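Summary of structural features
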Amino acid sequence: MSTASVTARPGAVLADLLPSSRVRDAALVLGGAALTGLAAQIAVPVPGSPVPVTGQTFAALLVGTTLGARRGFAALALYAALGLAGVPWFAQGGSGASVSFGYVLGMLLAAAAVGALARRGADRSPLRMAGTMLLGEAIIYAVGVPYLAFAAHMSATAAIAAGLTPFLIGDALKAALAMGALPTAWKLTGKS
């Protein structure tokens, strides 16, 4: 894509509004990983759960939606790889494979899924954006909760009680925030 074609074409995500280059893509991937790592530091412990409420999942879904499936997946893969290698940017300054690492793996898949949906215009209306975010959250839980059960030696019921139920209200709030923010960003660009 040349700089002359920096308009919202069908199949564009917000990141596509920037002039295209490999440097841009690398910076977006690095920025997406860093944003997710910073948001993970916003953490509130949940009594009875080894998994805190963080800004990490919201950032991961935002990264996927704004960067698209390929770059969003790459950003979350970089985030996961560097966290496994010891960078302390998982929730609460953690690194390595903990009992909550399954949520990070789920974020990889969720970023790709919401990015693919954003390419189909899911980020341009509040209702579609809410559905996209909720689907992304469901993907994260579909990987994270079973991993939690396995890694923490919990029953499925205990893992759901500790790793899903306490987070549902927060996830609804994150979806509400996204359903206002991303469609508004498109409107502000004048290219929706």
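Described in the following lines is the structure provided in the data block. Because the structure is a prediction, the values reported are computed rather than measured. (Residues numbered from 1 in each chain as written. Predicted model: local features only at pLDDT ≥ 70, side-chain atom pairs only at ≥ 80, totals over all residues. Heavy atoms only, no water.)

1. A closer look at the overall build of the protein
What counts here: Counting from the N terminus, the helices are the DSSP runs of H or I reaching at least four residues and the strands are the DSSP runs of E reaching at least two. Each radius of gyration reported is based on C-alpha atoms, and the globular scaling rule is 2.2 Å times the count of residues to the power 0.38. Think of it in three bands: residues with accessible area under 20% of the maximum for their type are buried, residues over 50% are exposed, and the middle band is partly exposed, with areas taken using a 1.4 Å probe on protein chains only. For the accessible areas, the method is Shrake-Rupley and the probe is 1.4 Å, while residue cover comes only from the protein chains on display. Only four residue types enter the charge count: Lys and Arg as positive, Asp and Glu as negative, with His and the chain ends excluded. To locate a charge, the coordinates of NZ of Lys, CZ of Arg, CG of Asp or CD of Glu are taken.
If you tally the helices and strands in the protein, you get seven helices and two strands. Helices and strands in the protein line up, N terminus first, as α-β-β-α-α-α-α-α-α. At 17 Å, the protein has a C-alpha radius of gyration in line with the 16 Å of a compact globule built from 192 residues. With respect to the three principal axes, the spread of C-alpha positions in the protein is 55 × 35 × 20 Å. Scored against the burial criterion, the 192 residues of the protein give a buried share of 46%. Of the roughly 8700 Å² that the protein leaves accessible, carbon and sulfur atoms contribute 73%. For the protein, the centre of its 12 positive side-chain charges and the centre of its 5 negative side-chain charges are spaced 8 Å apart.

2. So, helix 5 (residues 126–151)
For clarity, the threshold we go by: The span expected for a helix works out to 1.5 Å for each residue beyond the first.
With 26 residues, helix 5 ought to run about 38 Å at 1.5 Å a step, and its terminal C-alpha atoms sit 37 Å apart, in line with that. One or two residues past the end of helix 5 sits H153, with phi positive at roughly 55°.

3. Structural notes on helix 2 (residues 56–67)
To be explicit about the condition: Here, residues are in contact when the closest pair of their heavy atoms is within 4.5 Å.
The terminal C-alpha atoms of helix 2 lie 16 Å apart, and with twelve residues this matches the ideal 16 Å at 1.5 Å per residue to within 8%. The element helix 2 is extensively covered by neighbouring structure, given that eleven of its twelve residues are classed as buried. Taken residue by residue, helix 2 has Q56, T57, F58, A59, A60, L61, V63, G64, T65, T66 and L67 as its buried positions. Those residues of helix 2 that are buried are in contact with helix 1 (22–39), strand 2 (53–54), helix 3 (69–84), helix 4 (101–119), helix 5 and helix 7 (168–189). Trailing helix 2 by a residue or two, G68 shows a phi angle of about 95°, which is positive.

4. Some thoughts on the layout of surface pockets
Where empty space is left can be seen by rolling a probe of water-molecule size over the atoms. We count it as follows: Using a grid of 1 Å spacing that covers the protein atoms alone, one calls a set of points a cavity when a 1.4 Å probe fits there but cannot get out, and a pocket when the set is open and has protein on both sides within 12 Å along at least five of seven lines; lining residues are those with an atom within 4 Å of a point. Grid points are joined across faces, edges and corners, and a volume is the space filled by probe spheres set on the points. Think of it as three bins: nonpolar holds Ala, Val, Leu, Ile, Met, Phe, Trp, Tyr, Cys and Pro, charged holds Asp, Glu, Lys and Arg, and polar takes everything else, Gly as well.
Here the largest pocket is characterised by a volume of approximately 350 Å³. Split by residue class, the lining of the largest pocket holds 13 nonpolar, eleven polar and three charged.

5. Observations regarding the side chain of R71
Using the following cut-off: Polar contact criterion, stated in full: a pair of N or O atoms within 3.5 Å, where within protein one must be able to donate a hydrogen and the other to accept it, and residues adjacent in sequence count only if both atoms are side-chain atoms.
If you trace the backbone, R71 turns up in helix 3. We classify R71 as buried; its relative accessible area is 3%. Polar contacts involving the side chain of R71 include one to the side chain of D25, which spans 3.1 Å. Beyond its immediate chain neighbours, meaning those up to four positions away, R71 contacts V13, A15, D16, R24, D25, L28, V29 and R119.

6. Examining the nonpolar core
In summary, soluble globular proteins display a tendency toward joint burial of nonpolar side chains. This is how it is decided: Nonpolar cores are built from buried Ala, Val, Leu, Ile, Met, Phe, Trp, Tyr and Cys residues. Side-chain atoms within 4.5 Å join them into one set.
Counting 45 residues, the largest nonpolar core has L76, Y79, Y103, V104, M107 and M133 as its most contacted members. Mapped by element, the contributors of at least two residues to this core are helix 1, helix 2, helix 3, helix 4, helix 5 and helix 7. The element best represented in this core is helix 4, accounting for nine residues. If near-sequence neighbours (up to four positions away) are discounted, Y103 is found in contact with V51, I140, Y141, G144, V145, L148 and G163.

7. Let's talk about the environment of A156
Within the fold, A156 resides in helix 6 (residues 156–163). On the accessibility criterion, A156 (54% relative accessible area) is exposed. Spatially, the C-alpha atom of A156 lies 8.0 Å from that of V145, the residues being eleven residues apart in sequence.

8. Comments concerning the packing of aromatic side chains
Formally: For Phe, Tyr and Trp, where Trp contributes only its six-membered ring, two rings pair if their centres lie within 6.5 Å, and the inter-plane angle classes them as stacked under 30 degrees, edge-to-face over 60, or tilted in between.
Within this structure, the stated rule accounts for five aromatic pairs. Taken together, a centroid distance of 5.9 Å and an interplanar angle of 45° make the contact between F90 and F101 tilted. Taken together, the residues span a long stretch of sequence, with F90 in the loop between helix 3 and helix 4 and F101 in helix 4 at a distance of eleven residues. Comparing F90 with F101 shows no difference in burial state: the two are buried. With a centroid separation of 6.2 Å and 90° between ring planes, the pair formed by Y103 and Y141 is classed as edge-to-face. Residue Y103 is located in helix 4, and its partner Y141 is located in helix 5; the two are separated by 38 residues in the primary sequence. Here a set of aromatic residues connected by ring pairs shows up, and it is made of Y79, W89, F90, F101 and Y147.

Purely spatial values, then, with no claim about function.
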